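Survey of secondary and tertiary structure
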Amino acid sequence: MYIGIDLGGTNIAGGLVRKSGDVVQIKSVPTGKERGFEAVAEDILKLIKTLMKEAKEPIEGVGIGVPGVVDKDLSMIFYCTNLSWYDKDLGKTLSQALGIPVFVDNDANLAALAEVEAGSLKGAKAAVMLTLGTGIGGGVAVDGNILRGAHGLGSEIGHMIIGENFYDCNCGNNGCFETFSSATAVIKYAEKLVQDKVYPDSILNTVYSQRGLNAKTVIDAAKAGDPLGMDAFERLVKYLAIGVVNIINLFDPEKISFGGGVAHSGPFLLDKVRETVSKMVFIKNFPSAELVLAELGNDAGVIGAAMLAKTEL
């Protein structure tokens, strides 16, 4: 059995996970990121120890997913802007305290690993996972192994530059994939349309003035046929398809899975992306990646972290 830790800006989720990827138990504690690395690392340690005491089988190893860049040795966190952590050796710190192996990786890589081991990408020899949330995370798996690149920066799909945009990415560049097709992107574009008074009859004008917009509100408006919602959603789909076609041309995966908040729109999103991608693929009427929805939901981070420990051991 393994322990998987999903470290987020708000909560730390930890779980006992079997080799099959089945979750036995999950616990969660607040992150309290403002307290700094040492305090948060101590809480992670306490959570792991609690889970170890409650496990009915020996724990072989621990995996941890973090929203940042991790070195190729799967221990040192180089860059984790959400937590303001830089050059923190979380893996070594916890491994020494626990006396068992601890591995750390980017959370999007681990979402991909979870889906490969126990979800929508199971059995695929070449697969890609896209998490469409506040930004766009990505993970590429070949023969069950995550493609991390020479320095640990592989699969940063959200920062693939695909066009010129009206606002810059948090990374400082203009045109990153995640500035077109993330939840943040669809909100920003819908807000721009409201502010520019492009669709005066849209219900989203009123929603914006009363309580502001979120991605679900915009996509639900698109489903209802609202012109502003449809414009924002169709733009998201257009650039998501461009990104997907680039991924297909680079990796020729068997499957590409979509997770995260935007993917909760389900077939409404997937059907339109499939249709748009089919018109843009390099060779028409030739086998191409199957586009699917992720299956593991909120448990993906914990499962993927546990599967990291499994695959590394």
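Now for a look at the structure at hand. Everything quoted here is computed from the prediction, not taken from an experiment.

Section: the sheet that holds strand E6 (residues 76-80)
- Strand order across the open sheet formed by 3 strands is E5-E6-E7, with antiparallel pairing between neighbours. Looking at the sheet topology across the chains shown, the edges are occupied by strand E5 (69-70) and strand E7 (85-89).
- Bridge count for E5 against E6 is 2 bridges, and the pairing is antiparallel. In the strand pairing of E6, Val70 is matched with Ile77.

Describing the sheet that holds strand E13 (residues 290-293)
- Taken together, 5 strands build an open sheet; the order of strands is E11-E10-E9-E12-E13 and the sheet is mixed. With one partner strand each, in any of the chains shown, strand E11 (145-146) and E13 form the two edges of the open sheet.
- Pairing of strand E12 (residues 255-259) with E13, which is carried by 4 bridges, proceeds in the parallel orientation. By the bridge assignment, Lys255 is partnered in E13 with Glu290.
- Packing of helix H3 (residues 107-118) onto the sheet brings it into contact with strand E9 (126-132), strand E10 (136-142) and E11, and relative to E10 it is tilted by some 50°.

Section: a nonpolar patch on the surface
- Taken together, Phe78, Tyr79 and Tyr86 make up a surface patch of nonpolar side chains, about 310 Å² in accessible area.
- One can find Tyr86 in strand E7.

Some details on the pairing of strand E3 (residues 23-30)
- Summarising the sheet, strand E2 (residues 11-17) and E3 pair through 7 bridges and their orientation is antiparallel. Paired with Gly14 across the two strands is Lys27, which belongs to E3.
- Adjacent in sequence and paired antiparallel, E2 and E3 are bridged by 5 residues, among which Gly21 carries a positive phi angle near 95°.

Some remarks on the pairing of E6
- Between E5 and E6, which pair antiparallel and follow one another directly, the connecting turn spans 5 residues, one of which, Leu74, has a positive phi of 60°.
- The pairing of E6 with E7 spans 4 bridges and is classified as antiparallel. Within the sheet, the bridge partner assigned to Met76 lies in E7 and is Asp89.
- The antiparallel hairpin formed by E6 and E7 contains 4 residues in its connecting segment, where Ser84 sits at a positive phi of about 60°.

Some words on the packing of helix H5 (residues 183-195) against helix H6 (residues 203-211)
- Packing of H5 against H6 leaves a shortest axis separation of 10 Å and a crossing angle of 100°. As far as their axial angle goes, H6 and H5 are roughly perpendicular. Mapping the contact onto sequence places Glu191, Val194 and Gln195 in H5 and Leu204, Asn205 and Tyr208 in H6.
- By residue class, the composition of the contact of H5 with H6 is 3 nonpolar, 2 polar and 1 charged.

Quick word on unusual backbone geometry
- Of note in the backbone geometry, Asp143 takes a positive phi value of approximately 50° without being a glycine.
- Classification of Asp143 by relative accessible area gives exposed; the value is 55%.
- Despite not being glycine, Ser155 has its phi angle at roughly 70°, a positive value.
- Position of Ser155 relative to the elements: it lies in the loop between E11 and helix H4 (178-181).
- By relative accessible area, which is 14% here, Ser155 ends up buried.

A closer look at helix H9 (residues 267-280)
- Across its 14 residues, H9 extends 20 Å between first and last C-alpha, which sits within 8% of the 20 Å expected from 1.5 Å per residue.
- Of the residues making up H9, those classed as buried are Leu269, Leu270, Val273 and Val277. Along the axis of H9, the buried positions cluster into a sector of 85°, meaning they face one direction only. Facing away from the buried surface of H9 by more than 90 degrees, the exposed residues are Pro267 and Lys279.

How each quantity is defined
- Numbering of residues starts from 1 in each chain and follows the order in which that chain's sequence is written.
- In keeping with the model being predicted, local features are shown solely for residues with a pLDDT of at least 70 and side-chain atom pairs are shown and tallied solely at 80 or more, while totals for entire chains, interfaces and linings include all residues.
- Water and hydrogen atoms were dropped before computing side-chain values, which therefore reflect all heavy atoms in the structure.
- When DSSP finds at least two bridges between two strands, those strands are taken to pair.
- Per the convention used, a helix needs a DSSP run of H or I reaching at least four residues, while a strand needs a run of E reaching at least two, with both numbered from the N terminus.
- The contact rule is simple, with two residues in contact once any of their heavy atoms fall within 4.5 Å.
- All axes here are fitted lines through C-alpha atoms, helices being fitted over the stretch that makes contact, and every angle between N-to-C directions spans 0 to 180 degrees.
- Nonpolar side chains (Val, Leu, Ile, Met, Phe, Trp, Tyr) within 5 Å and like charges within 9 Å form the patches, drawn only from residues with over 30% relative accessible area and no salt bridge.
- Surface accessibility in these figures is a Shrake-Rupley result with a 1.4 Å probe; residues are shielded only by whichever protein chains are displayed.
- Salt bridge, as used here: a side-chain nitrogen of Lys or Arg that lies within 4 Å of a carboxyl oxygen of Asp or Glu.
- Note that the term roughly parallel is reserved for angles under 35 degrees, roughly antiparallel for angles over 145, roughly perpendicular for angles of 65 to 115, and oblique for everything else.
- Any residue that is not Ala, Val, Leu, Ile, Met, Phe, Trp, Tyr, Cys, Pro, Asp, Glu, Lys or Arg is counted as polar, Gly included; the first ten are nonpolar and the last four charged.
- Each residue gets one of three labels from its accessible area relative to the maximum for its type: buried under 20%, exposed over 50%, partly exposed in between, using a 1.4 Å probe on protein chains only.
- A helix is expected to span 1.5 Å multiplied by its residue count minus one.
- What the arc measures is the spread of directions leading from the helix axis to the C-beta atoms.

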